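Understanding the architecture of this molecule
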Amino acid sequence: MSTSPRPDGRETRAAIAPVEMRAAEGEARTATGYAVLFDAPANIYGLWTEVIARGAFTKSLSERDVIAVHSHDRGRVVGRKDAGTLTLREDARGLHFENPLPDTTDGRDLAVQIDRGDVAGMSFGFMAVRQTWDETVEPPKRTILEAELYEITYTAMPAYPDTTVGLRDLEHCRTEKREHNRAGAAARIAARRARQAQAERGIR
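This section reports on the structure supplied with the text. (Residues numbered from 1 in each chain as written. Predicted model: local features only at pLDDT ≥ 70, side-chain atom pairs only at ≥ 80, totals over all residues. Heavy atoms only, no water.)

Description of the packing of aromatic side chains
The following threshold applies: Two aromatic rings from Phe, Tyr or Trp, using only the six-membered ring of Trp, form a pair when their centres are within 6.5 Å; if the ring planes differ by under 30 degrees the pair is stacked, by over 60 it is edge-to-face, and anything between is tilted. Strands here are runs of E lasting at least two residues and helices are runs of H or I lasting at least four, both read from the DSSP assignment and numbered beginning at the N terminus. The rule is simple: take the accessible area with a 1.4 Å probe, protein chains only, and divide by the maximum for that residue type; under 20% is buried, over 50% is exposed, in between is partly exposed.
By the definition in use, this model includes 4 aromatic pairs. Between the aromatic rings of Trp48 and Trp133, the centroid separation amounts to 4.8 Å while the plane-to-plane angle is 85 degrees, which identifies the pairing as edge-to-face. With Trp48 in strand S6 (residues 48–52) and Trp133 in strand S11 (residues 121–134), this pair connects stretches of sequence that are 85 residues apart. The same class applies to Trp48 as to Trp133, namely buried.

This is the structure we're talking about:
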């Protein structure tokens, strides 16, 4: 296992879990479900498997605002943690959310789309702060231990949110893997040199 430094860019992942609508008489219609599933392996473009560890967002949730948006469009906000219109809590399964949808075009449309099953799941945007890599398995396994959470997104295509975001994430993943490989190679070279120096001191 090795620890990798914090990446430079944000990443987007999907949680394959159904979104549900809940409504009591006289109350706003509330979307509820899981935006993140903990310890659920995800295949990241065939480069590695990845899991989000339990508690990965605890620190972020205590320090940062988080928005809920429609289809990765930050101009279509339908909830905000600091405004009290988005509730996020971690439990054993993952990051649970409750979002009373606003009486706006997006809010009303989302309620219908979720009921119909047109909006099939959630994605989330984050930046890894602490992570580990396990290269004793193939493909390597990346575990996100701590991350900053920026947004959760209602999406019709939870596996790959959309082509543009998917391609951007793919390039970020390739860069992340290259940086990890370089760091690992440098560590192996340093260890080999240290062993060689120790052996030479023993000979003398």
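A few points about the sheet that holds strand S9 (residues 87–90)
For the record, the criterion: For two strands to count as paired, DSSP must find a minimum of two bridges between them. Orientation is described by lines fitted to C-alpha atoms, with helices fitted over the stretch in contact, and by angles between N-to-C directions that extend from 0 to 180 degrees.
Strands sit in the order S3-S4-S10-S9 across an open sheet of 4 strands; the sheet is antiparallel. Of all strands in the sheet, those with a lone pairing partner are strand S3 (20–22) and S9, marking the two edges. Strand-to-strand twist of the sheet, defined as the mean angle between neighbouring strand axes without regard to direction, takes the value 25 degrees. Across 4 bridges, S9 lies against strand S10 (residues 94–100) in antiparallel orientation. Following the sheet pairing, Thr87 is matched in S10 by Glu98.

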